[in-house]
Each structure stands twice: as C-alpha cells, then as structure tokens.
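A look at the structure
Read off the chains here:
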Amino acid sequence: MPEKGITEDGWNCISCPGGLTAEGKCHCPTGHILVERDVNGTLLSQATCKLCDENENSFTAPNALGNRCVRCEPTFINTSRSCTCSAPNILTGGLCFSRTGNFPSRVISSARYGDLGMSFTSEWFAKYLQSSAAACRVYANLTSCQVLGNICVMNMNSFDSTTFDACRLFQFIFENTAGLRTVHSISFWRENLPWLFYGDQLGLAPQVLSTTPLPTNFSFKGENQNRKLKFVAASYDVRGNFLKWQTLEGGVLQLCPDTETRLNAAYSFGTTYQQNCEISLSKILTDFPSPIFYDVYLKYTDENQQQYIWAVPVLNLNLQYNKIFVNQDSSSSKWLLTRRIFLVDALSGRENDLGSQPRLIRIATQISLSIHLVPNTKNGNIYPPLITIAYSDIDITDPNSQSVKVSFSVNYEMNQGEAQVQTDIALGVLGGLAVLSSLLKTAGWKRRIGSPMIDLQTVMKFLVYYAGDLANVFFIITVGTGLYWLIFFKAQKSISVLLPVPAQEERLVTYVGCAFALKALQFLHKLISQITIDIFFIDWERPKGKVLKAVEGEGGVRSAMVPVSIWRTYFVANEWNEIQTVRKINPLFQILTVLFFLEVVGFKNLALMDSSSSLSRSPTSYIAPYSRILRYAVSTALWLVVGIIQIMFFAVFYERFIEDKIRQFVDLCCMSNISVFLLSHKCFGYYIHGRSVHGHADTNMEEMNMNLKREAENLCSQRGLVPNTDGQTFQIAISSQMRQHYDRIHETLTRKNGPARLLSSSASTFEQSIKAYHTMNKFLGSFIDHVHKEMDYFIKDKLLLERILGMEFMEPMEKSIFYNDEGYSFSSVLYYGNEATLLIFDLLFFCVVDLACQNFVLAAFLTYLQQEIFRFIRNTVGQKNLASKTLVDQRFLI
C-alpha cells in the first residue's frame, strides 16, 4: 500500500511513489521531478516521479524546487556536453569550467586581516571568487568581472605574486586581455573590467598626483566663483550590479551622523574639514549588512562650459604588495594608487554561513581627502584630489558593547618650499644684523663698566644681548609670516595661496617658542639689572640754626645744629618705589580688551581654516578647525594694535593732561630739595638734579606757596644744573677714580660688621651707617658742586650717532661726563623705559599658552597672573635693594 503524503501546496493528500521527506511530502530520486497534477491542474490519484532527460537532444535537469525540468547551465553543456560537471572539470559557484584551459585551478579564498595579524577562509570568497574570476575570464561577463573586482577591494587591493588570491586573479585576467580595448583611452581601465589600479611601476604615483592639473579654476569671491568640490560616485553592490550615479553630498562617505549643512561643508573649497565620532558596532551592522562600492570622480566645468569627470585616485594604507605595506612609506614614489573603495565590509568576515553574524568586520575608520594647489598658480588650479583611506579590522565579540572611532577630513595643501626659503633668507639677514647690534651693545656695556678686557663675563653679556635681539628677529619673522597668511588667504579672490597644514606649521611654532624663550631671558636679565642698581638720594637741605641739646652721661646741655628732616627723603624714596613698575599701558585693560575682541566681537573666527572673513558664525553651520598660524596672527595683531593705541593715548593725552608720573617724580625731587644719583653700570648711570632753587624745602605751607608763585612768575633762577637752564636729568659717565671713592664710602654704608677705619670704633653699627650716609651725601653733593677738582666733570650733549647706537664714544678718563638728557632716559632702569620688551614678552607668553592649549581665556588669565607675579617680585626685591643702598628703612616704603 503506497504511503500518503502532503501535496507541495499543502492543500491535499496524495499517494507517493516512493518515500516521504521529513516534512511529510513525496520524495523523488536524484534527477527526477515530482508530478502531482495533470496539465489542466487536476490532482492525480497518485504522484509520479519523472526523469529529466540529460541526453544531448534535451540537456535538462530538475530546477532548484524539483518541480520542473529545465535546460542545464550553459557552462555544463559547453564543458562536458552533459548536465554534470565531472572530473577533470571544475565545478565552482554553480558553474562548470574545463581544467584544460589556461586558468589557475588553485585559488586562495582567504580574507586578509592585517590589523589582527590573521587570515581565514571567507565563505563569500569560497563561493564566488573562483566562479566570478572564471566567468570574467572565459565569458567576459561584466557582472562577474565586477564581483571579482569587489572581492579584490574587500581584500584591501593586496597583491601577492606567489599566490592566486583575488587581486592576483584580477591581474592575471588583466594581463591576458591585453587585446581588448581600453575605456576612455585609460591604459589602466580595460574593457569589461573595473578600474582598480593605476599600475605597479615605481614613481607612477607622483606622476598621477602632480603632473597634470585639473582644467578648471576655483575661487573664494567674484561673480563666476567656483567654490564647490563636486564629487560624484558610481556605486555597485557586492554582486557586481551597478546601482546609480550619486553625489557625495549628504554624507555618502561620512559615517558620522550630522546635519546636512555640516556634512556638505566638507566639499566647500578652501574649508579644512574634520569630523570625528564613535559608533557602536551594532549600528554599523544594522546600517551596512552588505558592502557598497564606490568609484569616485570629480565633476568640473572647463573654459567652454562643458562638464567632465576626473577619476579620483585612492591611497589605501592597508594595501600590501608582496606582504609589504607600501602605501605607508613616506616616499610617494613607492605608493600604489587604486580606485574603488567601500565603507564597511561585514560580509567577507563570515566564515561558514553567509546568514550568520560575521566573525570579523572591516571599517573605513579614517578617510582623508587631500587637495594640492598647483605651484605659482594665480587662478586656483589644483592637482587631482587624493583620497587616503585606512581600514580597521575588528574582532566581533559583543556588538552592543563594542564601538569604533571613525574620522573624515578634507585637507588643503600647497608647496611651502618657496615660503620657507624666503623665511630662511629673512632669518639669515636679520640674524646677522642682530649679531652686529649685540656686538655694539656689548661694546657700549664694556665702556660703561670701564673694562677693556674681553673675558667670560663679556662673552656671557654678548650672549644675553644676542638672545634679546634674536628674540626680536624671531618675533618679526613670525608676526610677518602670520599676517601674510591671514591677509593673503582670507582676502584673495582667485586662489593663489592655501594655509599650511599642521605639519607645515611646526616650523613657525618652533620660531614662536624660540622667540618666547629668548625674550624671557632678556626680560629676566633686565629685571635683575633693575633690582641691582646703585642709587642714592642726595639731600641738599641745610640746618636752619642751632638748638640746645642735652648730653647723655654728662648732665649738661650744649648747642647743636637743627637736624634736617628725613621725611623728605623717605617721601622721595616711596615715590621712586611706586614708579618702579609704572608702565605706558594698563596691563589689565590690555588683556581684557584683547580678550573682548577675540571672544565677544568674534575676531577669533578669522583664525578658522576656511575662506570666510566674517566675524560671526551661524550655530547651525560647520565650524572649521583653527589654524595655529592664524590664531597667532590675529592675537599678535590685536595685541600690538591695542598696545600701540594705549601707548599713543598715554603719550599724547594722559601724560599731558592727566598725570605724568616720571616728570612728576623729577618735580617732586626739586620740591623736596633732593637729587637722585643712580648707577646702572659700574661707570655709567643717571643723575636727577633736584636741588631747590629756593634754598630750602623743609618749610611751612605759606612759604611753600610763595616759592611756587615766585617760580611761576620767573622771579627766581631756573631749576637746571647749569645756570639759566632747565636741564635736570642727565646721563653720567663717571671716571674710575670717582667710582673708587664712591665704593669706599658705600662699603661702610652697606656693611653690617667689620672694622670702622673711617669712623669711631666705639660707635654702633647703626651709628656707623648714619655717619657713612652723611659722608656719602656730603661727597656726592660736593662732587656735583665741582669741589673735587681731581674728580670733576663737565656737561655736554650727546652726538646723534651716540644716541642712535646707545653708547658713548668719549671715555671719562680724568673727568666725568654729564650728558644732557631731555628724554628722561633714567626710566630705562624702570618698567616704564622697557615697555617694548614687556609688551612683546606678555604677547609671546599669551601666544605660547594659546598655541599649547587653544584657549584664549586661559591664556589671558595666565598672562595676567605672570604679570602680577613679576610685578610683585620687582617691587619686593626693589624695595630691599633701595633700602640697602640708601639707608631708607624698608618699613617706610609702601
């Protein structure tokens, strides 16, 4: 009794001629089909099994469902003249090929995963590699050739001459189809084959990338501006089917999600683009179940307004040529350029079942588009763009917890060789001038210390001077370079320059660092010089009479001169202490103003690496990364402009109409009847003549006002050291004899212990210092009054060349020399006279911090902090030096 089974459609039961399947349906032997109904659809009482005729007249075999006899696959008929592919023929991918042909029989189906240092047999490669290669070679099947090309791309375009992997098979077919025509006269693009390689000849990559410019122009401004990079791509699926032509806008090659406006900003010419994110593997597996392949082109319009496309070469960093990563070499002559790319491959990582989760996944984690400007172009000509791509291989363990970092960038480059040569020339010329300037300063310093010998101290002094001058050289070069890029890049219409890439900026950053280090050395040298000067306040006041004074231990009284008040000296010393850190600018206002213009007004947007000159940016638009050169240029320009405006305001308005502390100090000295004798070098210094024209300054209010009125009405002599002149300030070059006499008295004034050869041995240390102070006061006063003929001086004007060079030609051999000084150059021992050094030092400090951390606010805060620290050090140490040199009690210095 035949068994009953279920019909194929599941609606009826029928007697089966043989056994049943696991599903309870009728089963037929191999080569037979199951027949359950007659030709008009009537269900038979018993199913039958019909044998398909495999003879030459029919060449039929059961179809995949086993319900129809269909003609055998043509490759079976052509190869074996039957419906079976028996040995020695090769059955692969459902196709039959003859082993006697000139096609490799041993094909490597391994997928390489260089990142993980492994390779394994890919199910996709095993199923379709050999069949697609054979169909492409034997039948020139377009789809099969595309599949073979895709598998080669999935294997990173890697090529090994010792094995027949995908790319070796592709190369084998390419070499054996030399008789076919090329596509668009491109020798690397053979008819019926995809264009995968540019060839493997050494030195070919530089020719492709930098020989033929694109026949189109780009610009930032103007009527016929061409500001968009119009990239298009021909896309294919993994089975070799052409999908469509599509533009790259909308994030086709950008894995990171974003708004369409920001995604499309990548193709705005001149905008350096950077996009980074981290994406979970589960999302990637969902969005990219099967890889899509892209052949990228750049669409352009020529002078005749005809549209063309230009193939964009690809530099695959994962490509291996005979097991060597040639594309990671620094020399472009060793590169092997390719054409086709994909973003995600989750298919070749499936090991046994194409429907299972992949064991490995390959993701394009870094895609960079490089645009190179043609040298010396004035019209915005570029070489063919280059896509640099790097893939990461990830071993999948838990897709929901695993993630990967991806990036997409667009960079613009130009040859900086000419700019570097010009910079080197400027550095050489200015550096030579700096050497000459330092030699002159050292020679002037040698004259001022009265030493003709060249010793180690001289060499060290020269190096310190050279450090300051070289800092100015680096500063001038860096500021000039930064402003050049800022102005010429942002203001150009037809593109002739592009910003240096970060690697090309390193030289300028190094120069800025050198400028700061050398300027800091110069600043510290000036600071130490200022706090170690010799200074003495000459009190011209004389006693006004005698008083009776009790004598201790004797029980009697005697007459004594009325003591001169020390308060005037203390008052002048306090004023000197206050003006030590007076500057021609307000440092806090300087910092806040620069920060306001950068952060609030929006000048920092000029430092963005795009073509826009706008000070504001829309929150929805893409914000390009900052250029370090442009940040430096904008910062220095604002700092210098604000500083110069402050100095001009200070000199033209503030000092004239509000307050001039330097001139006020000179007036105070005159009103206090106190002169200032100041030595910044051993034999050179400054003298402020403060001798009162009224004879006395220690007087009452009525007499003081009367004296001022007489002076205003020219009823008394003038204040100058020379009669009938107003010259109160002098540069002084003293003789060595004068200096020796000064030092002998000064040793007694400043030492705490030791023999008192000039004073009474029974006096206390303080009393010795008091007597030494009066001795110094009397000596300097008599020196000014020409009492000591052996240590006399004369007054003269400095020559113009002496003023320019900052040195004195005449040496004070027998007589000291007083040079008229209407410019109050004694301020050189104060902050006031070193404003240029301080301004540049603060600026370089601000810029160095900003270049390091890319934060203007932090740079401003740290700059203000260092200003306050050095000001505190200058005041504190300056007070101690002032107290020790003048015998002014430090407790009275505020």
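As a convention, each chain's residues are numbered from 1 in the sequence order in which they are written. The model is predicted, so local features are restricted to residues of pLDDT at least 70 and side-chain atom pairs to those at 80 or more, both for listing and for counting; the totals for chains, interfaces and linings are taken over all residues. Note that the side-chain values use all heavy atoms of the structure and ignore hydrogens as well as water.

1. Details of the overall build of the protein
Helical segments are the DSSP runs of H or I of at least four residues, strand segments are the runs of E of at least two, and each set is numbered from the N terminus. What the protein contains, in helices and strands, is 20 helices and 31 strands. Over its C-alpha trace the protein gives a radius of gyration of 46 Å, far above what one expects of a compact globule, namely 29 Å for 894 residues. With the C-alpha coordinates aligned to their principal axes, the bounding extent of the protein is approximately 160 × 60 × 50 Å. Of the contacts made within the protein by residues no fewer than 6 positions apart, 66% connect residues no fewer than 24 positions apart. On the protein, roughly 43400 Å² of surface is accessible, and the fraction owed to carbon and sulfur atoms is 56%. Across the protein, the centroid of the 80 positively charged side chains sits 4 Å from that of the 78 negatively charged ones. The size measure is the radius of gyration over C-alpha atoms, and the globule rule it meets is 2.2 Å times the number of residues to the 0.38 power. Contacts are assigned to residue pairs with any non-hydrogen atoms lying within 4.5 Å of each other. All accessible-area figures derive from a Shrake-Rupley calculation using a 1.4 Å probe, and residue coverage is judged against the displayed protein chains alone. Under the convention used here, Asp and Glu are negative, Lys and Arg are positive, and both His and the chain ends fall outside the count. Think of each charge as sitting on NZ of Lys, CZ of Arg, CG of Asp or CD of Glu.

2. Here we look at the state of the cysteines
Every disulfide links exactly two cysteines, by a covalent bond between their sulfur atoms. In this description, the term disulfide denotes a pair of cysteine sulfurs within 2.5 Å. Applying the stated criterion to the full structure yields 8 disulfides. The structure places no disulfide on C669, whose sulfur is separated from the nearest cysteine sulfur, that of C670, by 8.6 Å. Free of any disulfide, C847 has its nearest cysteine sulfur in C853, 11 Å distant. Only protein chains enter the area calculation, which uses a 1.4 Å probe; residues under 20% of their type maximum are buried, those over 50% are exposed, and those in between are partly exposed. On the basis of relative accessibility, which here comes to 2%, the residue C847 falls in the buried class.

3. Notes on the packing of helix α3 (residues 142-154) against helix α4 (residues 166-175)
For any two helices packed against each other, the geometry comes down to the angle between their axes and how far apart the axes lie. For helices, the fitted line uses only the C-alpha atoms of the stretch in contact; every axis is such a line through C-alpha atoms, and the angle between N-to-C directions lies from 0 to 180 degrees. Close contact between α3 and α4 brings their axes to 8 Å; oriented N to C, the two are set at 140°. For the element pair α3 / α4, the angle class is oblique. The handedness of the crossing between α3 and α4 is left-handed. On the side of α3, the interface is formed by L148, G149, I151 and C152, while α4 contributes A166, C167, L169, F170 and I173. For this classification, under 35 degrees means roughly parallel, over 145 means roughly antiparallel, 65 to 115 means roughly perpendicular, and everything else is oblique. Whether a crossing is left-handed or right-handed is set by the direction in which the near helix is turned from the far one by less than a right angle, anticlockwise for left-handed and clockwise for right-handed.

4. Remarks on the nonpolar core
Here, nonpolar core means buried Ala, Val, Leu, Ile, Met, Phe, Trp, Tyr and Cys residues that are tied together by side-chain atoms lying within 4.5 Å of each other. Membership of the largest hydrophobic core comes to 137 residues, with the highest contact counts inside it found for L229, F231, F269, V296, I361 and I363. With residues up to four places along the chain from it excluded, the contact list for V296 reads F231, V232, A233, L248, W310, A311, V312, R339, I341 and I387. I533, V572, V666 and I688 belong to the second-largest nonpolar core, a separate cluster that totals 29 residues.

5. Points about a nonpolar patch on the surface
The patches described consist of residues with a relative accessible area above 30% and no salt bridge, like charges being joined within 9 Å and nonpolar side chains (Val, Leu, Ile, Met, Phe, Trp, Tyr) within 5 Å. We count a salt bridge whenever a side-chain nitrogen from Lys or Arg sits within 4 Å of a carboxyl oxygen from Asp or Glu. A surface patch of nonpolar side chains, amounting to about 730 Å² of accessible area, comprises I644, M648, F649, V652, F653, F657 and I658. With relative accessibility at 37%, the residue F653 sits in the partly exposed group.

6. Concerning the sheet that holds strand β29 (residues 729-733)
Spatial ordering of the open sheet is given by β24-β27-β28-β29-β31-β30, a layout of 6 strands whose pairing is mixed. The outermost strands of the open sheet, each flanked by one partner alone, are β24 (534-539) and β30 (793-796). Each adjacent strand pair in this sheet contributes to an overall mean axis angle of 20°, direction not counted. The pairing criterion for strands is at least two bridges between them, as found by DSSP. In terms of strand pairing, β24 meets strand β27 (residues 674-679) through 6 bridges, oriented antiparallel. Within β27, the residue paired with D539 across the bridge is I674.

7. Remarks on the pattern of salt bridges
Applying the stated criterion across every chain, the model contains 29 salt bridges. The salt bridge involving E249 is made with K228; its shortest N-O contact spans 3.8 Å. Here the residue E249 occupies a position in the loop between β14 (242-247) and α6 (260-264), and K228 occupies one in the loop between α5 (204-210) and β13 (230-236), the gap between them amounting to 21 residues. Its relative accessible area of 33% is what places E249 among the partly exposed residues. Accessibility expressed as a relative area gives 32% for K228, which makes it partly exposed. For D850, the salt bridge goes to R631, with nearest N and O atoms at 2.5 Å.

8. Considering unusual backbone geometry
The phi dihedral of M156 is positive, around 65°, even though this residue is not glycine. Position of M156 among the secondary structure elements: in the loop between α3 and α4.

9. Regarding the layout of surface pockets
Roughly 1300 Å³ of internal volume is contained in the largest pocket. Detection works on a 1 Å grid of protein atoms alone, calling trapped sets that fit a 1.4 Å probe cavities and calling open sets with protein on both sides within 12 Å along at least five of seven lines pockets, with lining residues defined by an atom within 4 Å of a point. Lining the largest pocket are 44 residues, with R448, K526, Y686, S828 and N834 positioned closest to its centre. Of all the elements in the fold, those that place two or more residues in the lining of the largest pocket are α8 (417-449), α9 (456-491), α10 (502-530), β28 (684-688), α18 (800-805) and α19 (835-853). Grid points are joined across faces, edges and corners, and a volume is the space filled by probe spheres set on the points.

10. Focus: empty space enclosed by the protein
For the structure on display, the rule yields 8 cavities of 30 Å³ or more. When residues of the lining of the largest cavity are traced back to their parent elements, those giving at least two are α8, α9 and α10. Each residue gets one of three labels, nonpolar for Ala, Val, Leu, Ile, Met, Phe, Trp, Tyr, Cys and Pro, charged for Asp, Glu, Lys and Arg, and polar for the others, Gly among them. For the lining of the largest cavity, the residue count by class is 7 nonpolar, 6 polar and 1 charged.

11. Overview of the packing of aromatic side chains
For any pair of aromatic rings, the description rests on two quantities: the centre-to-centre distance and the angle between the ring planes. Centres within 6.5 Å make a pair out of two Phe, Tyr or Trp rings, where for Trp the six-membered ring is used; the pair is then stacked when the planes are under 30 degrees apart, edge-to-face when over 60, and tilted otherwise. For the structure shown, the criterion picks out 49 aromatic pairs. Here the aromatic rings of F523 and F870 are separated by 5.0 Å at their centres, their planes lie at 85°, and the arrangement is edge-to-face. A residue pair is termed long-range when its members are at least 10 positions apart, and F523 in helix α10 and F870 in helix α20 (residues 856-886) qualify at 347 residues. Exposure class is identical for F523 and F870. Each is buried. A centroid spacing of 4.2 Å and a plane angle of 25° characterise the contact between Y793 and F818, whose relative ring orientation is stacked. Taken together, the residues Y793 in strand β30 and F818 in strand β31 (residues 816-820) connect sequence positions 25 residues apart. Residue Y793 shares its accessibility class with F818, and that shared class is buried.

12. Regarding the environment of Y742
Within the fold, Y742 resides in helix α16 (residues 736-750). Judged by relative accessible area, which is 1%, Y742 ranks as buried. Along the sequence, Y742 and T177 sit 565 residues apart, while their C-alpha atoms lie 102 Å from each other.

13. Some details on helix α2 (residues 123-139)
To estimate the expected span of a helix, subtract one from its residue number and multiply by 1.5 Å. Its 17 residues give α2 an end-to-end C-alpha distance of 24 Å, which sits within 8% of 24 Å, the value for a rise of 1.5 Å per residue. Here α2 has its buried residues at E123, W124, F125, L129, Q130, S131, S132, A133, A134, A135, C136 and R137. Under the rule applied, a polar contact is a pair of N or O atoms within 3.5 Å (in protein, one hydrogen donor and one hydrogen acceptor; residues adjacent in sequence only if both atoms are side-chain atoms). Two or three places before W124, at the opening of α2, S122 has a side-chain oxygen 3.3 Å from that residue's backbone nitrogen. A140 sits one or two positions beyond α2 and adopts a positive phi of about 55°.

14. Brief notes about the pairing of β27
Of all the 6 residues making up β27, 6 are buried; the element is thus mostly covered by neighbouring parts of the structure. Covered by surrounding structure in β27 are I674, V676 and L678 together with S675, F677 and L679, the residues of both alternating faces. Sheet topology places β27 next to β28; 4 bridges connect them, and they run antiparallel. Its bridge partner being in β28, F677 is matched across the sheet by Y687. Connecting the antiparallel pair β27 and β28 is a turn made up of 4 residues.

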